[in-house]
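Below are the chains, spelled out letter by letter.
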Amino acid sequence: MPADVTRLVLAVGEAVGNAVEHSDPAAVDIEVRFRWDDQDLDVRVSDGGPGPDPAILHRPSLPDDPLALDGRGLFILSTVADALVIEEGALCLTVRPRP
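Calculation criteria
- Residues numbered from 1 in each chain as written.
- Predicted model: local features only at pLDDT ≥ 70, side-chain atom pairs only at ≥ 80, totals over all residues.
- Heavy atoms only, no water.
- Helix = DSSP H or I, 4+ residues; strand = E, 2+ residues; numbered from the N terminus.
- Rg over C-alpha atoms; globule rule 2.2 N^0.38 Å.
- Buried < 20%, exposed > 50% of the residue type's maximum accessible area, 1.4 Å probe, protein only.
- Contact = heavy atoms within 4.5 Å.
- Areas by Shrake-Rupley, 256 points an atom, 1.4 Å probe, with all protein chains shown as cover.
- Lys, Arg positive; Asp, Glu negative; His and termini not counted.
- Charge placed at Lys NZ, Arg CZ, Asp CG, Glu CD.
- Pairing = 2+ DSSP bridges.
- Axes fitted to C-alpha atoms, helices over the stretch in contact; angles between N-to-C directions.
- Parallel < 35°, antiparallel > 145°, perpendicular 65-115°, else oblique.
- Left-handed = near helix turned anticlockwise from the far one by under 90°.
- Nonpolar A, V, L, I, M, F, W, Y, C, P; charged D, E, K, R; others polar.

Trainee: In this structure, what is going on with the overall build of the protein? I would like to understand it.
Mentor: In terms of regular secondary structure, the protein is built from three helices and four strands. Taken from N to C terminus, the helices and strands of the protein fall in the order α-β-β-α-α-β-β. On C-alpha atoms alone, the protein measures out to a radius of gyration of 13 Å, which is about the 13 Å that the 2.2 N^0.38 rule sets for 99 residues. Its C-alpha atoms give the protein principal-axis dimensions of about 35 × 30 × 20 Å. Scored against the burial criterion, the 99 residues of the protein give a buried share of 30%. Pairs at least 24 apart in sequence give 53% of the contacts found in the protein among residues at least 6 apart. Accessible surface for the protein amounts to roughly 6,500 Å². Of this, 58% is attributable to carbon and sulfur atoms. Taken together, the 8 basic and 18 acidic charged side chains of the protein have centroids lying 6 Å from each other.

This is the structure:
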């Protein structure tokens, strides 16, 4: 279970960080919603913008420069989350317990 908590914290932190960094500066609110059922935790992060490009979302890559200070968020999300989708401009992710 501690590994699942670590994945959850990392995933939510990356999703919120992406919203803060890439949102419209005129947008005031970033909304984070959590939904838990017996197995899955679904998180929806919305900043009022269009969300990440779905083509990049499903094929994230690391930056060419290994010393770059950014450019790893979607790669990290795709690694730690069990599902990633864009719904109405919101980045939605699911984290499930792993054996």
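Let us keep going from here.
Trainee: Whenever I open this one, the sheet that holds strand S3 (residues 83-87) confuses me. Can you help?
Mentor: Ordered by their spatial adjacency, four strands build an open sheet running S1-S2-S4-S3, and the pairing between neighbours is antiparallel. Two strands bound the open sheet, and with one partner strand each, they are strand S1 (31-36) and S3. Averaged over all pairs of adjacent strands, the angle between their axes in this sheet comes to 20°, without regard to strand direction. Taken together, the five bridges between strand S2 (residues 41-46) and strand S4 (residues 90-95) define a ladder with antiparallel strand orientation.

Trainee: Teacher, can you tell me more about the packing of helix H1 (residues 2-22) against helix H3 (residues 73-80) here?
Mentor: A packed helix pair is summarised by two numbers, namely the angle formed by the two axes and the spacing between the axes. For the pair H1 and H3, the least separation of the axes is 9 Å and the interaxial angle reads 150°. Relative to H3, H1 is oriented roughly antiparallel. By crossing handedness, the relation of H1 to H3 is classed as left-handed. For the pair formed by H1 and H3, the contact residues are Arg 7, Leu 10, Ala 11, Glu 14, Ala 15 and Asn 18 on the first element and Gly 73, Leu 74, Ile 76, Leu 77 and Val 80 on the second. For the contact of H1 with H3, a count of residues per class yields seven nonpolar, two polar and two charged.

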